[in-house]
Amino acid sequence: MFTDITALDVLLRGILLAFIGLSWVVICVRVIGLRAFSKMTSFDFVTTVAIGSLLAGCVQAKEWSTLVQALIAIAALLGIQYAVSRARSHRADFEGVIGNTPALLMRDGEFLEAALIRTRTTRSDIVAKLREANVLHISDVRAVVLESTGDISVLHGDSLDEVLLNGVRGRD
């Protein structure tokens with residue numbers, strides 16, 4: 001691609017293509033906005049993983065056409081993510097198509113066994129998250145929610161404002 005000396009070509013290609021790929025991602029993210037690498041929905045997460053894979057493809061490209069194709073794909077994915085996030089904010093019915101519904105796994109110190117089974121989450125998963133959230137007494141736990149991104153949120157304290165459970169499956 002740059003020189004006939006294999007070792008030098010590999011070095012130069014790795015450095016230059018990494019610079020080009022990262023610069024392109026930064027430019028695209030600046031245009032699209034801060035939400036580009038959020039994990040608000042599973043769609044966002046998949047987009048982020050795909051962009052990482054495409055960036056790796058950029059760095060390993062052996063031909064300019066391969067590099068350009070990966071750069072176009074990165075811009076396209078971020079553009080699609082932008083369009084999807086705009087559609088989500090303007091059409092409530094689109095949210096159900098593209099996103100997962102958060103699920104309540106624990107309420108007022110009690111494990112919700114049916115929800116654990118449905119979400120394939122174990123008590124030990126929840127207990128680990130309780131420790132991570134510095135819960136000292138299970139009775140202090142108001143709710144544990146498996147978020148649409150796969151993260152687990154622990155809400156603990158004396159009381160819980162019900163608005164925090166809006167849109168969460170199993171809250172009733």
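Relevant structure appears above.
Summarised in this report is the structure supplied together with it. Residue numbers here run from 1 along each chain, matching the order of that chain's written sequence. In view of the model being predicted, local features appear only for residues whose pLDDT reaches at least 70, and side-chain atom pairs are presented and counted only at 80 or more, with totals across whole chains, interfaces and linings using the full set of residues. Excluding hydrogens and water, the side-chain figures rest on all heavy atoms present in the structure.

## Let's talk about the packing of helix H1 (residues 6–32) against helix H3 (residues 64–90)
Stated formally: Angles run from 0 to 180 degrees between N-to-C directions of axes, and those axes are lines fitted to C-alpha atoms, restricted for helices to the stretch in contact. A run of H or I in DSSP becomes a helix once it reaches four residues, and a run of E becomes a strand once it reaches two; helices and strands are each numbered from the N terminus. Roughly parallel means an angle under 35 degrees; roughly antiparallel, over 145; roughly perpendicular, 65 to 115; everything else is oblique. Handedness of a helix crossing follows the sense of rotation of the near helix relative to the far helix, less than a right angle counterclockwise being left-handed and clockwise being right-handed. By definition, residues are in contact when any of their heavy atoms lie within 4.5 Å. Only Asp, Glu, Lys and Arg are considered charged in this grouping, and only Ala, Val, Leu, Ile, Met, Phe, Trp, Tyr, Cys and Pro are considered nonpolar; every other residue, Gly among them, is considered polar.
Relative orientation of the contacting elements H1 and H3 amounts to 20°, with a least axis distance of 10 Å. Relative to H3, the element H1 is oriented roughly parallel. Every pair of crossing elements has a handedness; the one defined by H1 and H3 is right-handed. For the pair H1 and H3, contact is made by Leu-16, Leu-17, Ile-20, Gly-21, Trp-24, Val-25, Cys-28, Val-29 and Ile-32 and by Trp-64, Leu-67, Leu-71, Ile-74, Ala-75, Leu-78, Gly-79 and Tyr-82, respectively. Broken down by class, the residue content of the contact of H1 with H3 amounts to 15 nonpolar, 2 polar and no charged.

## Notes on the pairing of strand S1 (residues 103–107)
As a reminder, the rule being used: Remark: exposure states derive from per-residue accessible area (1.4 Å probe, protein chains only) relative to the maximum for the residue type, with buried under 20%, exposed over 50%, and partly exposed in between. Strand pairing requires that DSSP identify at least two bridges connecting the strands.
The buried fraction of S1 amounts to 5 of the 5 residues, a majority that puts the element mostly inside the structure. Sheet analysis places S1 next to strand S3 (residues 141–146), joined by 4 bridges and oriented antiparallel. Bridging across to S3, Leu-104 finds its partner in Val-145. When S1 meets strand S2 (residues 110–111), the two strands line up antiparallel, connected through 2 bridges. Pairing of Arg-107 across the sheet is with Glu-110, part of S2. Remark: 2 residues form the turn of the hairpin made by S1 and S2, two consecutive strands paired antiparallel; Asp-108 in that turn has positive phi of roughly 50°.

Keep in mind that these numbers describe shape and distance, not what the molecule does.
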